[in-house]
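The primary structure of each chain is shown beneath.
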Amino acid sequence: MTGEDVKQELEREPFVPLRLHLASGQQIDIAYQNTAWVRQNTLVVVFPLARGSAAIGNYDVIALPLIERIEQLNGQTGPGGRKRPRRSRG
């Protein structure tokens, strides 16, 4: 995943919560705007102690090449990912 791909999703207006799918199989959610920043080859994600709080509980530093896909938590998929086809009911 490129920094531009990630940045595009983070700067979407209005902000849409995201789930990062990593090469290790781990998933990291970005629930709030302004809690993740793209650096040269990494993404820094901070986890506030409470919504709207400036106090940081934990943080992750993720190498951009390890991000396999980005899922928008409203059901869409961002760059590098595929949306799952809907199953027909009937």
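The rules we used
Residues numbered from 1 in each chain as written. Predicted model: local features only at pLDDT ≥ 70, side-chain atom pairs only at ≥ 80, totals over all residues. Heavy atoms only, no water. Helix = DSSP H or I, 4+ residues; strand = E, 2+ residues; numbered from the N terminus. Polar contact = N/O pair within 3.5 Å; in protein donor to acceptor, adjacent residues only side chain to side chain. Contact = heavy atoms within 4.5 Å. Pairing = 2+ DSSP bridges. Axes fitted to C-alpha atoms, helices over the stretch in contact; angles between N-to-C directions. Salt bridge = Lys/Arg side-chain N within 4 Å of Asp/Glu carboxyl O. Buried < 20%, exposed > 50% of the residue type's maximum accessible area, 1.4 Å probe, protein only.

K.L.:
Any details on the side chain of Thr35? Residues and values, ideally.
P.N.:
Here Thr35 is to be found in the loop between strand S2 (27-30) and strand S3 (36-38). Here Tyr32 takes part through its backbone oxygen, which lies 2.6 Å from a polar atom of the side chain of Thr35. Setting aside anything within four residues of it in sequence, one finds Thr35 in contact with Ile30, Val44, Val45, Val46 and Pro48.

K.L.:
Give a description of the sheet that holds S3 that names residues and reports values.
P.N.:
Here three strands make up an open sheet; going across it, the order is S3-S4-S5 and the pairing antiparallel. Of all the strands in the sheet, just S3 and strand S5 (56-63) have a single pairing partner and so form its edges. For this sheet, the mean angle separating the axes of adjacent strands, direction not counted, is 15°. In terms of strand pairing, S3 meets strand S4 (residues 42-48) through three bridges, oriented antiparallel. From the neighbouring strand, Trp37 faces S4, where its bridge partner is Val44. Packing of helix H1 (residues 3-10) onto the sheet brings it into contact with S3 and S4, and relative to S3 it is tilted by some 145°.

K.L.:
Lay out the pattern of salt bridges in plain terms, naming residues and giving numbers.
P.N.:
Once the charged atoms of two side chains with opposite charge are near each other, the side chains can pair. Under the counting rule described, the total for this entry stands at two salt bridges. A salt bridge links Arg12 to Glu9; its shortest N-O distance comes to 2.9 Å. In this structure Arg12 comes out as partly exposed when scored by relative accessible area, which is 29%. Glu9 sits in the buried class, given a relative accessible area of 2%. Here Asp29 ties to Arg19 by a salt bridge, and the two come within 2.6 Å at their closest N and O atoms. With Asp29 in strand S2 and Arg19 in strand S1 (residues 18-22), this pair connects stretches of sequence that are ten residues apart. Among the residues examined, Asp29 registers a relative accessible area of 32% and is labelled partly exposed.

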